[in-house]
Amino acid sequence: MEVEYQGMKFKGGKFFIILSLIGAIIGGGWTGYKFYDDYLDMKAKIEGYTAPDLSHIDEQIAVLKSEVSMVLEEVSLVNDVAQSLKNDLRDDIKTMKADIRAIDKVVNDIEDRVKANEREISQDFKILEKEIDDKIKKSLSNPLAGIK
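Residues numbered from 1 in each chain as written. Predicted model: local features only at pLDDT ≥ 70, side-chain atom pairs only at ≥ 80, totals over all residues. Heavy atoms only, no water.

Visitor: In this structure, what is going on with the overall build of the protein chain? I would like to understand it.
Guide: The helix and strand inventory of the protein chain stands at two helices and two strands. Along the protein chain, helices (α) and strands (β) appear in the sequence β-β-α-α when read from the amino end. Relative to the 2.2 N^0.38 estimate, which gives 15 Å for 148 residues, the radius of gyration of the protein chain is 59 Å and therefore markedly larger than a compact globule would have. Expressed as lengths along the three principal axes of its C-alpha atoms, the size of the protein chain is roughly 185 × 50 × 20 Å. Counting over 148 residues, the protein chain shows a buried share of 1%. Here the protein chain has roughly 13900 Å² of accessible surface; of this, 63% comes from carbon and sulfur atoms. Of the side chains in the protein chain, 22 bear a positive and 28 a negative charge, and the two mean positions are spaced by 11 Å. (Helix = DSSP H or I, 4+ residues; strand = E, 2+ residues; numbered from the N terminus. Rg over C-alpha atoms; globule rule 2.2 N^0.38 Å. Buried < 20%, exposed > 50% of the residue type's maximum accessible area, 1.4 Å probe, protein only. Areas by Shrake-Rupley, 256 points an atom, 1.4 Å probe, with all protein chains shown as cover. Lys, Arg positive; Asp, Glu negative; His and termini not counted. Charge placed at Lys NZ, Arg CZ, Asp CG, Glu CD.)

Have a look at this one:
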């Protein structure tokens, strides 16, 4: 295929290259036009944009912040009370342990004394029993007692 235009002759491959270049140039121009048109539309929308009124959201955030602050104060107060109670309980338990040790020592001492007293009384009873037995034997062995 051969095309002649203003004294120039184009044959097969050159013709298709020129057609491709012309198509690319036209496509690039069209794309540029569309980008510029979209830019103008976007510019008009941006210039016409009005920000919504978000003051009620700011008020709600302020209220929530104050509520969170109050809750944090209450939690801090509860934490302080719990810490104080824990420390008081720890001190009470330490005091109770010391008291229990002292009472245990007193009870052990009393038990030791009671056991010593029981041994002493038991020995005294044995001595008394022996003395009474000796006296009974002596009385029975006396010829004047009249018992045989």
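What follows continues from the structure just given.
Visitor: I'm lost on the packing of aromatic side chains in this one. Help?
Guide: Note on aromatic pairs: each is described by the distance of the centres and the angle between the planes. Applying the stated criterion to the full structure yields two aromatic pairs. Summarising the aromatic geometry, the rings of Trp30 and Tyr33 are spaced 5.5 Å apart at their centres and angled 40° between planes, so their arrangement reads as tilted. Of this pair, Trp30 and Tyr33 both sit in helix H1 (residues 12–47), three residues apart, roughly one helical turn. (Phe/Tyr/Trp six-rings, centres within 6.5 Å; stacked < 30°, edge-to-face > 60°.)

Visitor: Sorry, what's going on with a nonpolar patch on the surface here?
Guide: A cluster of nonpolar side chains, contributed by Ile121, Phe125, Leu128, Ile132, Ile136 and Leu140, occupies part of the molecular surface with about 580 Å² of accessible area. Note on Ile132: relative accessible area 48%, which makes it partly exposed. (Patch = residues over 30% accessible without salt bridge, like charges linked within 9 Å, V, L, I, M, F, W, Y side chains within 5 Å. Salt bridge = Lys/Arg side-chain N within 4 Å of Asp/Glu carboxyl O.)

Visitor: Where do I start with the pattern of salt bridges in this structure?
Guide: A side chain with one charge can pair with a side chain of the opposite charge if their charged atoms come near. The tally for this structure, following the rule as stated, stands at one salt bridge. Salt-bridge contacts for Asp109 lead to Arg113; the nearest nitrogen and oxygen are separated by 2.7 Å. With Asp109 and Arg113 both in helix H2 (residues 55–141) and four residues apart, this pair spans about one turn of that helix. Judged by relative accessible area, Asp109 falls into the partly exposed class, the value being 35%.

Just geometry here; none of it tells us what the structure is for.
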